[in-house]
Structure formats: C-alpha cells, structure tokens
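# What the coordinates show
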Amino acid sequence: MLKTRIFAVGIAATTIALIATGCATTSSPVSTNATKNITTVKVGATFPADEVLKYVASSGQAKKAGIEIQVTSFTDYTTPNSALQDGSIDANLYQHLPFLTNFNKANGTDIVPVGKVYFPALALYSKKITKVSQIKNGETISIPSDLPNELRSLPPCKKRA
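Now for a look at the structure at hand. (Residues numbered from 1 in each chain as written. Predicted model: local features only at pLDDT ≥ 70, side-chain atom pairs only at ≥ 80, totals over all residues. Heavy atoms only, no water.)

### Digging into the pattern of salt bridges
Basically, it comes down to this: For this analysis, a salt bridge means a side-chain nitrogen from Lys or Arg found within 4 Å of a carboxyl oxygen belonging to Asp or Glu. Helix and strand assignments come from DSSP, with helices taken as H or I runs of at least 4 residues and strands as E runs of at least 2, each series counted from the N terminus. Only protein chains enter the accessibility calculation, which uses a 1.4 Å probe; a residue whose area is less than 20% of its type maximum is buried, one above 50% is exposed, and one in between is partly exposed.
One pass over the structure, following the stated rule, counts one salt bridge. Of the charged contacts in the structure, one is a salt bridge between Lys54 and Glu51, with a shortest N-O distance of 3.9 Å. With Lys54 and Glu51 both in helix α2 (residues 49-58) and three residues apart, this pair spans about one turn of that helix. Judged by relative accessible area, which is 36%, Lys54 ranks as partly exposed. Relative accessible area serves as the criterion here: at 41%, Glu51 is assigned to the partly exposed category.

Put into structure tokens, the structure is as follows:
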C-alpha cells in the first residue's frame, strides 16, 4: 500500500510537471478555470498508469495542486500517441523513450517527452510456472519482437574482468 501511495504521489508530481512544461505538440492548450485557479489536463494512459492517474484524480491530490485530471484509458499502444498528436488529449503516460522514438520515426510525428516518470518492471507470464526459480537452464523464454521492447526484456550485459 505504501508503494502505491508513493507511486501515486510520483504520478501527481509528474502530471504537474507535464502541465508546467506544456506537453501537447499541437496548438490545443490545457484549459484553466480562472475563477477556481484549476488547470484541467486530459491525460491518456494504458493500464496500470490509467488506474494510478484515476487514483490521483479521485484522492484529491491533483486538486490540491490546482489540477483536474481527466483520464482517458487506452487498451493499445498506438492510439495514445495518435490522440496526443491530433490534440484529443494533452499528455499521455504509458511509454518509454525507445518506444516513442520508434513511434515518431514510423509515423512522422514529433511528440517529445517532457519529463521522466516511472518505468514499469518487465513482467513474466506463464500458465504453468509460478516462480522464477522454477525456470530451468536451457528452457525457452519468448521476448517481444519489436526492438524497443525487446531491449527492455534482455538483461544488461555485465563487463567481464
């Protein structure tokens, strides 16, 4: 529970940074309610980031910082960047820099990062194995076939003495 709260506070701080920096690459600015001094920002995210953003929005943390977060949940990894590029959302939270670089190159977009946020750990999934210690030497493990995520799944090489 403590990790979740720390994570949520980090997301709130990141959201504030996104707003302060001006995260949309289009001419569609975030809106500010002058009478309440609240800035509304539309943020797109995939799971689990969308759930964390919803928690930050509903817990009052964002409003205390003068932000109203409107979360749009996505279930794929292309639409959030397309929505950001076309101005449907003001920011997104779901990708790492190699993925963004690859997306920009493949789609002719110019989306830029405005700050560093959490980097979710890579997860292992299996219908049979319940602990990493159950994986035997020589067994086959599948990794993503797209370069940005393939690199995430491989452990860093250690220098030999």
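That shown, we press on.
### Overview of helix α4 (residues 79-86)
Put simply, the test is: Each direction from the helix axis to a C-beta atom contributes to the arc, which is the arc of those directions. Here, two residues are considered to be in contact whenever any of their heavy atoms come within 4.5 Å of each other.
Among the residues making up α4, those that are buried are Pro80, Asn81, Ala83 and Leu84. Viewed end-on, α4 has its buried residues packed into an arc of 160°, placing them on one side of the element. Looking at the buried positions of α4, the neighbouring elements they touch are β2 (38-46), β3 (67-74), β4 (91-93) and α5 (97-107). Immediately beyond the C-terminal end of α4, within one or two residues, lies Gly87, with a positive phi of roughly 85°.

### Observations regarding α5
Among all positions of α5, only Phe99, Leu100, Phe103 and Asn104 are buried. Along the axis of α5, the buried residues cluster in a sector spanning 130°; they form a single face. Turned more than 90 degrees away from the buried face of α5, the exposed residues are Leu97, Lys105 and Ala106. Note on α5: the residue one or two positions beyond its end, Gly108, has a positive phi of about 65°.

### Observations regarding the pairing of β2
Which entries qualify depends on this criterion: Strand pairing follows a simple DSSP-based rule, namely that at least 2 bridges must link the two strands.
When you tally the buried positions in β2, you get eight out of nine residues, the bulk of the element. Pairing of β2 with β3 involves eight bridges; the strand directions are parallel. Along β3, the bridge assignment pairs Val43 with Val71. Alignment of β2 against β4, held across three bridges, turns out to be parallel.

By themselves, these are just geometric observations and shouldn't be taken as functional.
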